[in-house]
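Single-letter residue listing:
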Amino acid sequence: MSSREQNSFFHQRRAVLAGLAGAFVLPRMAAAFDVPDEPRLAKHDYAKVRHHFRTKLLQKGPAPDKYESLNAPADADKIFYRSGYGELELAAWVSKYKRERAAKPAVLFLHGGNAMGIGHWQLMKPYMDAGYVVMMPSLRGENGQMGNFSGFYDEVDDVLAATERLAHLPGVDPERLFIAGHSIGGTLTMLTAMTTHKFRAAAPISGNPDAFRFFNRYPQDIRFDDSNTHEFEVRSALCYAHSFKCPVRVVHGTEEPHFNDRADLLARRARGAGVQIETETVAGNHTSALPTEIEQSIRFFHGVAAGVSPQP
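About the cut-offs
- Residues numbered from 1 in each chain as written.
- Predicted model: local features only at pLDDT ≥ 70, side-chain atom pairs only at ≥ 80, totals over all residues.
- Heavy atoms only, no water.
- Helix = DSSP H or I, 4+ residues; strand = E, 2+ residues; numbered from the N terminus.
- Buried < 20%, exposed > 50% of the residue type's maximum accessible area, 1.4 Å probe, protein only.
- Areas by Shrake-Rupley, 256 points an atom, 1.4 Å probe, with all protein chains shown as cover.
- Polar contact = N/O pair within 3.5 Å; in protein donor to acceptor, adjacent residues only side chain to side chain.
- Pairing = 2+ DSSP bridges.
- Expected span 1.5 Å × (residues − 1).
- Contact = heavy atoms within 4.5 Å.
- Core = buried A, V, L, I, M, F, W, Y, C linked by side-chain atoms within 4.5 Å.
- Axes fitted to C-alpha atoms, helices over the stretch in contact; angles between N-to-C directions.
- 1 Å grid on protein atoms, 1.4 Å probe; cavity = no way out; pocket = protein on both sides within 12 Å on 5 of 7 lines; lining within 4 Å.
- Points joined across faces, edges and corners; volume = space filled by probe spheres on them.
- Nonpolar A, V, L, I, M, F, W, Y, C, P; charged D, E, K, R; others polar.
- Salt bridge = Lys/Arg side-chain N within 4 Å of Asp/Glu carboxyl O.

Q: It is not clear to me how the overall build of the protein chain should be interpreted in this structure. Could you clarify?
A: Scanning the protein chain from N- to C-terminus turns up ten helices and eight strands. Here the protein chain, with 312 residues, has 56% of them falling under the buried criterion. Only carbon and sulfur atoms are counted for the fraction: they give 50% of the accessible area of the protein chain, which is about 13400 Å².

Q: Would you mind showing me how to read the side chain of H120 here?
A: Examined against the element boundaries, H120 turns out to sit in helix α3 (residues 118-121). A relative accessible area of 8% places H120 in the buried class. A distance of 3.0 Å separates a polar atom in the side chain of H120 from the backbone nitrogen of G117.

Q: How should I be thinking about the pairing of strand β2 (residues 88-95) in this particular structure?
A: Side-chain positions along a regular strand alternate between the two faces of the sheet. Most of β2 is tucked away, with seven of its eight residues classed as buried. Pairing of strand β1 (residues 76-83) with β2 involves eight bridges; the strand directions are antiparallel. Each bridged residue has a counterpart across the sheet, and for F80 the counterpart in β2 is A91. From the end of β1 to the start of β2, which pair antiparallel, there are four residues, and G84 there has a positive phi angle of about 65 degrees. By the bridge criterion, three bridges tie β2 to strand β4 (residues 133-137) in an arrangement that is antiparallel. Bridge pairing in β4 links V94 to M135.

Q: I would appreciate a short explanation of helix α10 (residues 290-305) in the present structure.
A: Three or four residues apart is the spacing at which side chains of an α-helix point the same way, because the helix has 3.6 residues per turn. Here α10 is 16 residues long and its end C-alpha atoms lie 22 Å apart, about the 22 Å a rise of 1.5 Å per residue gives. All of the buried residues along α10 are L290, E293, I294, Q296, S297, I298, F300, F301, G303 and V304. Of the surrounding secondary structure, the elements contacted by the buried residues of α10 are β3 (104-110), α4 (125-129), β5 (172-182), β6 (201-205), β7 (248-253) and β8 (277-282). Looking one or two residues past α10, G307 carries a phi angle of roughly 90 degrees, positive in sign.

Q: What is the right way to look at the nonpolar core in this model?
A: Nonpolar side chains in soluble globular proteins generally cluster together in the buried interior. With 63 residues, the main nonpolar core has L108, M135, F215 and F244 as its most contacted residues. Element by element, the count of residues in this core is highest for helix α5 (residues 154-167), at six residues. A91, M128, A289 and L290 belong to the second-largest nonpolar core, a separate cluster that totals 28 residues.

Q: Explanation requested: the sheet that holds β6 in the structure shown.
A: Sheets are built from strands that pair by backbone hydrogen bonding, the pairs being arranged parallel or antiparallel. Pairing is mixed in the open sheet, where eight strands are placed in the order β1-β2-β4-β3-β5-β6-β7-β8. Edge strands, defined here as strands with exactly one partner in the open sheet, are β1 and β8. Pairs of neighbouring strands in the sheet enclose a mean axial angle of 25 degrees, with direction left out of account. With two bridges joining them, β6 and β7 adopt parallel strand pairing. In the strand pairing of β7, A202 is matched with V248. Those strands touched by helix α6 (residues 184-193) are β3, β5 and β6, and its axis lies near 135 degrees from that of β5. Sheet contacts for α10: β3, β5, β6, β7 and β8; angle to β6, the most-contacted strand, approximately 165 degrees.

Q: Is there a simple way to explain unusual backbone geometry in this structure?
A: Leaving glycine out, the prevailing phi sign among residues is negative, and the prevailing peptide bond configuration is trans. You will see that N143, though not glycine, has its phi angle at about 55 degrees, which is positive. Summarising the element assignment, N143 is placed in the loop between β4 and α5. In this structure, S206 is a non-glycine residue whose phi angle is positive, near 55 degrees. Following the sequence through the fold, S206 ends up in the loop between β6 and α7 (211-217). Its relative accessible area of 1% is what places S206 among the buried residues.

Q: Is there a simple way to explain the layout of surface pockets in this structure?
A: One water molecule sets the probe size; rolling that probe over the atoms shows where empty space is left. Volume-wise, the largest pocket comes out at about 480 Å³. What lines the largest pocket is a set of 18 residues, among which R54, Y85, R140, D154 and D157 lie closest to the centre. Among the secondary structure elements, those contributing two or more residues to the lining of the largest pocket are α2 (46-52) and α5. Broken down by element, the lining of the largest pocket gets its largest block of residues, three residues, from α2. Its residues assigned to classes, the lining of the largest pocket shows six nonpolar, five polar and seven charged.

Q: Would you mind going over the pattern of salt bridges with me for this structure?
A: Any two side chains of opposite charge can pair, given that their charged atoms come close. One pass over the structure, following the stated rule, counts 16 salt bridges. Here E100 makes a salt bridge to K104, at a shortest N to O gap of 3.6 Å. Residue classification places E100 among the partly exposed residues on the basis of a relative accessible area of 47%. Put simply, R262 and D210 hold a salt bridge, and the shortest N to O gap is 2.8 Å. Of this pair, R262 sits in helix α9 (residues 260-271) while D210 is found in the loop between β6 and α7, placing the two residues 52 residues apart along the sequence. Each of the two residues, R262 as well as D210, counts as buried.

In structure tokens form, the structure reads like this:
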């Protein structure tokens, strides 16, 4: 790849629809912190850790990605939810649905990248066709909204707040909530599934469970005190793999081999605590595999709802 092509590819990373596509073919960037071969496994429950820990942001400001307006797609409604201590009013899209006698299951889907766009929403049709109400929340600092981007930490609070909003929508069954997400959304899916019992199952897609590795590749996204190792650990699902609170299906594309060892390590650690977890690869790369991965997440959710446990 020529220098010109590399620069072009780098800028495409910041496009709303790109998420982290092809992240690991980018030139390696220097980072000031040590990247452990195998991050430690923490003994404490992640939810309890979050209750006490506050990230220290050395740089405050919006999410780094370019963005488009948050006008709702034709098949969705734009709603709002409050996060933080109520001071953040953030937008979300919810699929249009008819309220019926029987409450509907719902999927909270966390988009890739650090901004929400129509392209993300267009991938949601299979969930809707399968009978799920779909909610896609934007997060703090995204798309020109309030709040400071923290990179995988305070954003979990937004996801938890969006979960409460979804659970209380008319006609939604709060006992049949599922969570899925792609790329950055996949990472947040893992961390959220370690924080709350609200979800029946979680399907992180191409999420990075190792914040040390992620920020080694993207040090420009670090807003926190990187001299504190714990700041990386609280952003790493690998460090709290015992904390998953629902069945999990971790998946990535066959052209993303950089995820293989971390997905396998995450699963081994989680199974050590009795977590129901499975891992799988789907043919394709970071973006091309996504439609199939979404279809498989639907089958996974159906199986969990029917009482079929993931295979170890």
